[in-house]
Amino acid sequence: MSKKHKQFAAMGAIVFAMYNIVIFAIFGFADHEAPFWISYVFMLMAFGTAAMSGVLLGKSGMALRDWLFGYPIVRHCAIYVAVELILSVLFMSIEYDVAWAVPFVVQVLLLGVYGLLLISCFISKAAISEVHEKVEKKTRYIALLQADAQMLCNKCSDDALKAKCEKLSEAIRYSDPMSNELLGDLEEKLSATVKACGDAIDQGNFPLADHLCDQAMLQLQERNLKCKALK
């Protein structure tokens, strides 16, 4: 547990202790009806649920917003605990004048609403993670291709060819990073051409490498034009 988490845990423990001291100092321990204990248990559940929300969602997760209202989960936690505190104190105050079913139903509904909003935050978190994964997958191709093109520059000893390879590497760097499934075949050909160029350089066949570098540049231009058309 980090220092910050320990501080929050200590603050929560203090608030919980103060709540119990104030409640039993005002209402006492004896002669309580069912509405009092129902409200007390639901308040304990509010403390526990808010603490579990922080643990499960973590530091970054507390900033996640639900899909319905767009509020961060930390606000939902604060609102839920505050409303539950008001309701529990209210029902404790009128414990002799209200049937046990009333505080039970009202506080169950409040807990259910909070639970739905909490679940929506987890759904949002999963959706964001899925989008990030898709974006990373689509941008990985250009990153790897640019690394391959840079290797052509690093191992080429012919000045004229090296200048062409540097132009190719620069063109790849400033290409649209977002790939598309429809460009799969063309991108495979481009990768194969860059690899073949590297093999030709390794073999000292600079004329072939020069031709392949030009071919890779044309394939890259075609890829970028089609990528733009698919936007």
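Above this note sits the structure.
First, a word on what this report is: a plain description of the structure on this page. This structure is a prediction, so every number in the text was calculated from the model and none was measured. (Residues numbered from 1 in each chain as written. Predicted model: local features only at pLDDT ≥ 70, side-chain atom pairs only at ≥ 80, totals over all residues. Heavy atoms only, no water.)

**Concerning the overall build of the protein chain**
- Broken down by element type, the protein chain carries 7 helices and 0 strands.
- When the helices and strands of the protein chain are read in sequence order from the N terminus, they spell out α-α-α-α-α-α-α.
- Counting the 231 residues in the protein chain, one finds 33% classified as buried.
- Put simply, of all contacts in the protein chain between residues at least 6 apart along the chain, 74% involve residues at least 24 apart.
- Accessible area for the protein chain stands at about 14100 Å²; split by element, carbon and sulfur atoms hold 67% of it. (Helix = DSSP H or I, 4+ residues; strand = E, 2+ residues; numbered from the N terminus. Buried < 20%, exposed > 50% of the residue type's maximum accessible area, 1.4 Å probe, protein only. Contact = heavy atoms within 4.5 Å. Areas by Shrake-Rupley, 256 points an atom, 1.4 Å probe, with all protein chains shown as cover.)

**Description of the pattern of salt bridges**
- Summed over the entire model, instances satisfying the criterion amount to 7 salt bridges.
- Notably, a salt bridge pairs Asp-210 with Lys-164, separated by 2.9 Å at the nearest N-O pair. Of this pair, Asp-210 sits in helix α7 (residues 206–229) while Lys-164 sits in helix α5 (residues 159–173); the two residues are 46 residues apart in sequence, bridging distant segments of the chain.
- For Lys-164, a relative accessible area of 27% puts it in the partly exposed group. (Salt bridge = Lys/Arg side-chain N within 4 Å of Asp/Glu carboxyl O.)

**Some thoughts on unusual backbone geometry**
- Phi is positive for Asp-31, close to 60°, though the residue is something other than glycine.
- Among the secondary structure elements, Asp-31 is positioned in the loop between α1 (3–27) and α2 (34–61).

**Quick notes on the packing of α5 against α7**
- Where α5 meets α7, the axes come as close as 10 Å, and the angle between the chain directions of the two elements is 20°. With respect to α7, the element α5 is oriented roughly parallel. Every pair of crossing elements has a handedness; the one defined by α5 and α7 is left-handed. Packed against α5, whose contacting residues are Leu-161, Lys-164, Cys-165, Lys-167, Leu-168, Ala-171 and Ile-172, the element α7 presents Phe-206, Ala-209, Asp-210, Cys-213, Asp-214, Ala-216, Met-217 and Leu-220 at the interface.
- Residue classes in the contact of α5 with α7 are distributed as 11 nonpolar, no polar and 4 charged. (Axes fitted to C-alpha atoms, helices over the stretch in contact; angles between N-to-C directions. Parallel < 35°, antiparallel > 145°, perpendicular 65-115°, else oblique. Left-handed = near helix turned anticlockwise from the far one by under 90°. Nonpolar A, V, L, I, M, F, W, Y, C, P; charged D, E, K, R; others polar.)

**What to know about the packing of aromatic side chains**
- Under the definition given, this model contains 13 aromatic pairs.
- Centroid distance Tyr-19 to Phe-47: 5.7 Å. Interplanar angle 65°. Geometry classified as edge-to-face. One end of the pair, Tyr-19, is in helix α1; the other, Phe-47, is in helix α2, and 28 residues separate them in sequence.
- The exposure class assigned to Tyr-19 is buried, which follows from its relative accessible area of 7%.
- Here Phe-47 falls in the buried class, since its relative accessible area comes to 18%.
- Three or more aromatic residues link up through ring pairs in this structure, and these residues are Phe-16, Tyr-19, Phe-24, Phe-27, Phe-29, Phe-36, Trp-37, Tyr-40 and Phe-47. (Phe/Tyr/Trp six-rings, centres within 6.5 Å; stacked < 30°, edge-to-face > 60°.)

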